[in-house]
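# Understanding the architecture of this molecule
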Amino acid sequence: MTNEKTYNLVIVGFGGMGSYHVQLIDQAEGIVVRGAYDPIPYRAELASSRGIRAYESFEAVLEDDEVDAVLIATPNDVHKELSIAALRAGKHVICEKPVTVNGADLLEIVQAAEEADRVFTVHQNRRWDEDFLMIKDLMAQKKIGEVFHLESRVQGANGIPGDWRQLQAYGGGMLLDWGVHLLDQLLLLTDSKIESVYADLSYILGTEVDDGFTSIIKFKDGLTAVIEVGTTNYVKLPRWYVKGTEGTAVIRDWDLGGEIVTRNLEVEHVEPKPIQAGKGLTKTMAPPSEESTIRRPFEKFEDLSDGFYTNFVATLNGASKQAVPNDQVHRVLTLIETIFEAAESRSLIVREI
């Protein structure tokens, strides 16, 4: 792809995610890393050691007329003020997730972007995860019939990262850290509005923010979803578990191992044989007969869409729409706020979202 110009981007916040973006940008055409700014000296030194110009202040970044775009990869609590300042300085802005801790703050940023006639977008990168794309394709192709229930989880046993993510003031906690990804993916799997939300947040580790959560979400079209994040799970449940009218599908972990089991429509229903279950017999919970089902591996999905930064450049050139529209991001934040509300009130929230 040949672009009319190459855009210069500065990374604000050169921690784990900020420095990782260098790899992502290097893979895209039409955009380069001009520099980085981080107030922590060793991070500025890290940028310099990688041949990246280290700006002495955020103001210096905004005053540099050669800077076209800014990536905000700081703790969550300052995303809003930094984004608005950069937009008003005439820079396009990419912000790491969660963009803000509430929907109202996002709307202020979007308004600032419209007033400055600049592009503002959020790096919801898990929209490109292969496991998610496999589930999305499964549902779109109706490979297990009409999906009526799904479960999406990420679980580990390492606790909350030992940094600002453990602190309320910085917008920490697992609902905002990982929940924002799983909920964003969920809302892309159906066109239906949400009907109700129930949730429970975990505080097992004794931190001031949640170390995990479980949310049960029901959509108006009848789809139900269980979304879970855990950091105290020494044995993990599957990454995805999906039930349809004609079968069941599972993806077990990041290695994408899984399978699809469907009814064999070419044979008549065969009654299962009773099995010994504890001290009794059961036919209801016995596995279906082999001739009644078809088992096949979960095929990997070939993603032919543009990556995040390729789309960002195309958006700046007026050749494409944003891959992560701000109205979709706002809906995710509204859902997160509702989950917090449901957990705090210990009640089912019936609300269209």
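Residues numbered from 1 in each chain as written. Predicted model: local features only at pLDDT ≥ 70, side-chain atom pairs only at ≥ 80, totals over all residues. Heavy atoms only, no water.

We now examine the nonpolar core. Counting residues in each nonpolar core, the largest one holds 50 residues, and the members touching the most others are Leu9, Ile31, Val99, Phe120, Tyr309 and Phe312. Membership of the second largest hydrophobic core comes to 47 residues, among which are Leu150, Leu223, Leu256 and Ile339. (Core = buried A, V, L, I, M, F, W, Y, C linked by side-chain atoms within 4.5 Å. Buried < 20%, exposed > 50% of the residue type's maximum accessible area, 1.4 Å probe, protein only.)

Before going further, it helps to examine the pairing of strand E10 (residues 224–230). For E10, the buried fraction is high: 6 of the 7 residues fall into the buried class. By the bridge criterion, 7 bridges tie strand E7 (residues 147–155) to E10 in an arrangement that is parallel. Bridged to Ser152 within E10 is Ile227. Taken together, the 7 bridges between strand E9 (residues 212–219) and E10 define a ladder with antiparallel strand orientation. What sits directly across from Ile217, in E10, is Ala225. Connecting E9 to the next strand, E10, in antiparallel fashion are 4 residues, including Gly222 with a positive phi near 100 degrees. (Helix = DSSP H or I, 4+ residues; strand = E, 2+ residues; numbered from the N terminus. Pairing = 2+ DSSP bridges.)

Attention now goes to the pairing of strand E1 (residues 7–12). Counting buried residues in E1 gives 6 out of 6 residues, a clear majority hidden from the surface. Summarising the sheet, E1 and strand E2 (residues 31–37) pair through 6 bridges and their orientation is parallel. Residue pairing in the sheet places Ile11 in a bridge with Ala36 of E2. What joins E1 to E2 is helix H1 (residues 16–26), and the crossover it makes is right-handed. Relative to strand E4 (residues 69–72), E1 runs parallel, the two sharing 4 bridges. In the sheet register, Val12 faces E4, and the bridge partner there is Ile72. (Right-handed = clockwise from strand over helix to strand, strands pointing away.)

This part takes up the pattern of salt bridges. Summed over all chains, the structure comprises 23 salt bridges. Between Glu352 and Lys220 there is a salt bridge, and its shortest N-O distance comes to 3.8 Å. Pair noted here: Glu352 is in the segment after strand E17 (349–350) and Lys220 is in the loop between E9 and E10, with a separation of 132 residues, a long-range link. A relative accessible area of 52% places Glu352 in the exposed class. Among the residues examined, Lys220 registers a relative accessible area of 46% and is labelled partly exposed. (Salt bridge = Lys/Arg side-chain N within 4 Å of Asp/Glu carboxyl O.)

If you trace the 6 strands from one edge of the open sheet to the other, you get E3-E2-E1-E4-E5-E6, paired in parallel fashion. What marks the edges here is a single partner per strand, and that holds for strand E3 (53–54) and strand E6 (120–123). Contacts from helix H8 (residues 308–316) reach E1, E2, E4, strand E5 (92–96) and E6, with the element oriented near 155 degrees to E5. (Contact = heavy atoms within 4.5 Å. Axes fitted to C-alpha atoms, helices over the stretch in contact; angles between N-to-C directions.)

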